[in-house]
Amino acid sequence: MLQDTTLLTDFHAFVVDMCNGDVAQDVADILAASNLTGIPKPCGGTRPIAAGSVPLKIAETQSVTRASDKLKSMFGERQRGVSCSSGTDIIVHRARLFLRTGRRQDGTVAPDSRVIVTCDFENAFNMLYRSAMWEAMRDIPELHGVFSVSYGAHSKLFVTGQPGTILWSKRGARQGTVCGPAAFALGILLARRGNHDTRGIIGRARIFTTLGIIIAAGASLYLSSFLAPAFALISLI
């Protein structure tokens, strides 16, 4: 297949069309659809895994790569999950350094009694409204096209093992793609700036209520200056 120059040329053109959003809606519906498989959780319940289109994932990867420098400048030290090489390693190393030396990012030193708080938010990736992600991407034209293919309409989820059963994905970022974490992180950044009604982003603002409690607790433990740069959006995913 890789030796077929005609096929490669046509596929390249197809990827470019997806990156530019130049795809008919019925084709976009097929690309945005996923096969949904339920994986049992060790503690009970089911973890839904949606396997999406490989060509669309390639287009999303290319689009996010093109926007990488702009994403870095927008996020700065706010997160380590998108356009940040070895982001989780940075978080781990900073946490270890703080525990060993007490040194914060601003150069000050914390008291001997030190605490680090980690947290995980239930279904955070699925709580973000897509209208909020659209607004967050308005300053990044490199993502407009492929985002319109991925999120231009509600996408179908075909349930594995249940022929004919279709669920509709209407909210949240697409998992298992490069564009999903970028869209999620941009939506959270929009809310943190305070220029958007948080309820319009995630509904009832549960994530940000929890964040407020954690940051307040961190400040009381002399950790606020450490948590600010190290608390990564990747921990919300």
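See the structure printed just above.
Residues numbered from 1 in each chain as written. Predicted model: local features only at pLDDT ≥ 70, side-chain atom pairs only at ≥ 80, totals over all residues. Heavy atoms only, no water.

(A) Broad picture of a nonpolar patch on the surface. Judged by side-chain polarity, F11, V54 and I58 come together as a nonpolar surface patch covering roughly 230 Å² of accessible area. Relative to the assigned elements, F11 resides in helix α1 (residues 5–20). On the basis of relative accessible area, F11 is assigned to the partly exposed category, the value being 31%. (Patch = residues over 30% accessible without salt bridge, like charges linked within 9 Å, V, L, I, M, F, W, Y side chains within 5 Å. Areas by Shrake-Rupley, 256 points an atom, 1.4 Å probe, with all protein chains shown as cover. Salt bridge = Lys/Arg side-chain N within 4 Å of Asp/Glu carboxyl O. Helix = DSSP H or I, 4+ residues; strand = E, 2+ residues; numbered from the N terminus. Buried < 20%, exposed > 50% of the residue type's maximum accessible area, 1.4 Å probe, protein only.)

(B) Examining the sheet that holds strand β1 (residues 34–40) more closely. Taken together, the four strands give an open sheet; going across it, the order is β2-β1-β3-β4, and neighbouring strands pair in mixed fashion. The sheet terminates laterally at β2 (46–51) and β4 (166–169), the two strands that pair on one side only. Each neighbouring strand pair of the sheet contributes to a mean axis angle of 35°, computed without reference to strand direction. Two strands pair when backbone bridges link them, and β1 and strand β3 (residues 155–159) are joined in this way by three bridges, in the parallel orientation. Within the sheet, the bridge partner assigned to S34 lies in β3 and is L157. (Pairing = 2+ DSSP bridges. Axes fitted to C-alpha atoms, helices over the stretch in contact; angles between N-to-C directions.)

(C) Structural view of the pairing of β2. Relative to β2, β1 is paired through six bridges, and the arrangement is antiparallel. For G38, the partnering residue across the bridge sits in β2 and is P48.

(D) The packing of α1 against helix α3 (residues 54–66), seen in detail. Across the interface, α1 lies against α3 with an axial gap of 9 Å and an inter-helix angle of 60°. The element α1 and its partner α3 pack so that their crossing is right-handed. Judged by residue contacts, F11, F14, V15, M18 and C19 of α1 engage P55, L56, I58, A59, Q62, S63 and R66 from α3. The class makeup of the residues in the contact of α1 with α3 is nine nonpolar, two polar and one charged. (Left-handed = near helix turned anticlockwise from the far one by under 90°. Contact = heavy atoms within 4.5 Å. Nonpolar A, V, L, I, M, F, W, Y, C, P; charged D, E, K, R; others polar.)

(E) A look at the pattern of salt bridges. Tallying each qualifying case throughout the model produces one salt bridge. K70 is the partner of E142 in a salt bridge, and the nearest nitrogen-oxygen pair spans 3.6 Å. Here E142 is found in helix α7 (residues 141–151), whereas its partner K70 is found in helix α4 (residues 68–75), with 72 residues between them in sequence. Classification of K70 as partly exposed rests on a relative accessible area of 30%.

(F) A look at α3. For α3, spanning 13 residues, the distance from its first C-alpha to its last is 19 Å, which sits close to the expected 18 Å at 1.5 Å a residue. Every buried residue of α3 is listed here: L56, A59, E60, S63 and V64. End-on view of α3: buried residues confined to an arc of 130°, all on one side of the axis. For α3, the exposed residues lying more than 90 degrees away from the buried face are V54, T65 and R66. At the N-terminal end of α3, a side-chain oxygen is found 3.4 Å from the backbone nitrogen of L56, two or three residues along, and the residue is S53. (Expected span 1.5 Å × (residues − 1). Arc of directions from axis to C-beta. Polar contact = N/O pair within 3.5 Å; in protein donor to acceptor, adjacent residues only side chain to side chain.)

(G) Geometry of the packing of α1 against α7. Where α1 meets α7, the closest approach of the two axes is 5 Å, and the angle between their N-to-C directions is 90°. Looking at the two axes, α1 sits roughly perpendicular to α7. Between α1 and α7, the contacting residues are M18, C19 and N20 on the first element and G145, V146 and V149 on the second. Grouping the amino acids of the contact of α1 with α7 by side-chain chemistry returns four nonpolar, two polar and no charged. (Parallel < 35°, antiparallel > 145°, perpendicular 65-115°, else oblique.)

(H) Fine view of the packing of aromatic side chains. Applying the stated criterion to the full structure yields two aromatic pairs. Ring centres of W134 and F147 lie 4.6 Å apart, and the angle between their planes is 85°; on these two criteria the pair is classed as edge-to-face. Taken together, the positions of W134 in helix α6 (residues 130–136) and F147 in helix α7 put the pair 13 residues apart, joining distant regions of the chain. Here F147 falls in the buried class, since its relative accessible area comes to 0%. Chaining the aromatic ring pairs together yields one cluster made of W134, F147 and Y151. (Phe/Tyr/Trp six-rings, centres within 6.5 Å; stacked < 30°, edge-to-face > 60°.)

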